[in-house]
Amino acid sequence: ALKLLVQIDPCLPLPRGKTAIPRAFTMIQRILFVCMGNICRSPTAEGVTRTLAERSGVVAGFEFDSAGTHGYHIGKSPDARATKAAAERGYDLSSLKGRQIDNADFVRFDRILAMDRDNLDLLKQVCPIEHHGKLGLFLEFASRHDEDEVPDPYYGGPEGFERVLDLIEDAAQGLLARTGERRP
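Residues numbered from 1 in each chain as written. Predicted model: local features only at pLDDT ≥ 70, side-chain atom pairs only at ≥ 80, totals over all residues. Heavy atoms only, no water.

For this particular structure, what's the right way to read the confidence of the model for the chain?
Where the model shows low pLDDT, its predicted coordinates should not be examined in detail. Counting all residues, the mean pLDDT for the chain is 88, and 84% of those residues have values of 70 or more. Segment residues 1-25: pLDDT under 50, and 27 contacts once partners within four positions in sequence are set aside and those in other chains are kept. (pLDDT = per-residue confidence, 0-100. Contact = heavy atoms within 4.5 Å.)

Structure representation (structure tokens):
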């Protein structure tokens, strides 16, 4: 008899009485966006990317989430300025709540994308070595902008949140296009 060995993702919640579906048989790409506090950049990246995936009809193939490297804003809604700027472009961040990255995230997610090098460095410090290949900068997927980091708009004015949206929209489009190319 042929034996098939697959790794079952222990971090996936299962309904009562249901059997786990081996991760090898799922077609969902799990993507986590990470910034420092999880109230400006990473929830914006989550909301924008999810909305663009919905508009493109590919959202069923993805799971998006966001987290912070620090626990400053656990359970809090995104910054009102980020929510307002996003809403003006048709993105809804109202259901998102801040959380801090945890060890299970490194197993659960296929890609963990930091908004800047400082947060990427923090992720590399706490990420198990076998998952380092999942880490990267979100703006690596941007094609219309030369920046490689999403600047933190927290201490600035509305124009900073608009700039963040410009960068995130570009990177989200590139991420969805490149991830879609690799799907079976």
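How do you make sense of the pairing of strand β2 (residues 62-68) when you look at a structure like this?
Across a regular strand the side chains alternate sides, sitting on one face of the sheet and then on the other. In terms of residue burial, β2 counts as a mostly covered element, since 5 of its 7 residues are buried. Summarising the sheet, strand β1 (residues 29-35) and β2 pair through 7 bridges and their orientation is parallel. Directly across from Val34, in β2, lies its bridge partner Ala67. (Buried < 20%, exposed > 50% of the residue type's maximum accessible area, 1.4 Å probe, protein only. Helix = DSSP H or I, 4+ residues; strand = E, 2+ residues; numbered from the N terminus. Pairing = 2+ DSSP bridges.)

Mind showing me how you'd approach the sheet that holds β2 here?
By definition, the strands of a sheet pair up through backbone hydrogen bonds, in either a parallel or an antiparallel sense. In space, the 4 strands of this open sheet follow the order β2-β1-β3-β4, with parallel pairing throughout. With one partner strand each, in any of the chains shown, β2 and β4 (135-137) form the two edges of the open sheet. The sheet shows a mean angle of 25° between the axes of neighbouring strands, taken without regard to direction. Where strand β3 (residues 111-114) and β4 come together, 3 bridges link them in parallel fashion. Looking at the pairing, Ile112 lines up with Leu135 of β4. (Axes fitted to C-alpha atoms, helices over the stretch in contact; angles between N-to-C directions.)

Just checking my understanding: could you explain helix α1 (residues 41-56) for this structure?
Along an α-helix, residues three or four apart share an orientation, since each turn contains 3.6 residues. Between its first and last C-alpha atoms α1 spans 22 Å; for 16 residues at 1.5 Å apiece the expected length is 22 Å, and the two agree. Buried within α1 we find Arg41, Ser42, Pro43, Thr44, Ala45, Glu46, Gly47, Val48, Thr49, Thr51, Leu52 and Ala53. Following α1 by one or two positions, Gly57 has its phi on the positive side, about 75°. (Expected span 1.5 Å × (residues − 1).)

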